Amino acid sequence: MKKTGISNGKIILIGEHSVVYGEPAIAIPFLATAIETVIETTTGPVILDCFFYKGPLSQAPKRLLNLATVIKETVKTLAKPLENFTITISSTIPAERGMGSSAAVAVATIRALFRYFDEPLSNTVLLELTNISETIAHGNPSGLDAAMTSSNSPLYYVKGQEFEFFPLNMTAYLVVADTGITGQTKEAVEHIAQLYQSAPKQTGYLIKQLGQLAKKTKLAIEKNQAITLGTNMTQAHKLLSSLGVSNRELDCLVDTALDSGALGAKLTGGGRGGCMIALAKNETAAKRLATDLLEAGAQHTWLYNMRKDGYDD
Ligand code: PMV
């Protein structure tokens, strides 16, 4: 027997980090990138075949602790034996680039395991199990990555509140650019937690400002105000920089995007590496931006049409 589970990448339009502290965020499922987990019947111990490791699940390297734990927890939830199958994972989500790859691996694998054992999977159980993995990966996840990598609809997200799916219908394009440098979400989340302790007033102020921007951005999107959205994105990048979660490469791509006519630009995801996003008024401007970002050192770019909630082709 062979069963498959899938998930997708995600892009945070606005509100990363502040979302951990209860402020709103807006995120988009990034269907240009995906993860597929295939579970196949074999005999003997569970074999894991993914990324840089192929071998018994019990001997998986520490870097895969979040995945190994979620596999064990899922099988425990299903009350099934942890043997006689092989788990193969393939991914087009660049790892550790702020696109939610750690949550997406968990989502695809939990889905595959529930299908393999022919059990129904509720969204609540999927998110609970994914957050076990995310807690190991990040320490204090907001739950946004788990929600987005398992969904097809953009979301206005507030931790602990009911999901508010939020269709985008704007005349604008996002250009996503990968710095090619591994992001450090765990370190960045921990850094802000420490800042909160050492400078609570100032840190709280910056977090609140990010939350205000997310609220204003929701209104701007509803009114198709691309210029306001762009301004808010750039402002969010400055606040995230002040919180210490940007880096030289991200700042360089943000500056390049603004110099080449972007309506706004910011890092996306955990930061300190990973990806940035830039807003372009139309497809021609987006293509030009992508070329300029590649010339400035981006390793890869993707275009996202905000009118269609996705991609031209
Ligand atoms: O770097 P990513 O894709 O894991 O995104 C992290 C987003 C944060 O807001 C920084 C953390 C969180 O749990 O929401």
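This one's a predicted model, so the numbers in the text were calculated from it and none came from an experiment.

Asks: Explanation requested: the environment of Asn8 in the structure shown.
Replies: In this structure, Asn8 sits in strand 1 (residues 2-14). What makes Asn8 buried here is the crowd of 24 C-beta atoms within 10 Å. Linking Asn8 and Gly273, residues 265 residues apart in sequence, is a C-alpha distance of 20 Å. In this structure, Asn8 is in contact with Pro29, Phe30, Leu31, Thr33, Ala34, Ala104 and Thr149, ignoring residues within four places of it in sequence.

Asks: Please explain the UniProt feature "domain: GHMP kinase C-terminal" (unreviewed entry) in the protein chain as it appears in this structure.
Replies: The UniProt record marks residues 220-297 with the feature "domain: GHMP kinase C-terminal" (unreviewed entry), using the residue numbering of this structure. Structurally, residues 220-297 is divided into 58% helix and 14% strand, and its ends, taken at the C-alpha atoms, are 31 Å apart.

Asks: I would appreciate a short explanation of the site of the ligand in the present structure.
Replies: Close contacts around the ligand come from 17 residues, with Glu16, Ser142, Thr185, Gly269 and Gly270 the closest. For the shell around the ligand, the secondary structure elements donating two or more residues are helix 4 (144-149) and helix 5 (185-198). When grouped by side-chain class, the residues that make up the shell around the ligand number six nonpolar, nine polar and two charged. When residues of the shell around the ligand are assigned to domains, at least three map to each of domain 1 (2-157) and domain 2 (168-305).

Asks: Looking at this structure, how should I read the environment of Gly9?
Replies: Along the chain, the position of Gly9 falls in strand 1. Once the C-alpha coordinates of Gly9 and Val158 are considered, the two residues, 149 residues apart in sequence, prove to be 19 Å apart.

Conventions we followed
Residues numbered from 1 in each chain as written. Predicted model: local features only at pLDDT ≥ 70, side-chain atom pairs only at ≥ 80, totals over all residues. Helix = DSSP H or I, 4+ residues; strand = E, 2+ residues; numbered from the N terminus. Buried ≥ 20, exposed ≤ 12 C-beta atoms within 10 Å, placed from the backbone. Contact = placed C-beta atoms within 7 Å. UniProt positions renumbered as here; feature names shortened; annotations may be inferred. Near = placed C-beta within 6 Å. Nonpolar A, V, L, I, M, F, W, Y, C, P; charged D, E, K, R; others polar. Domains from an automatic or database assignment.

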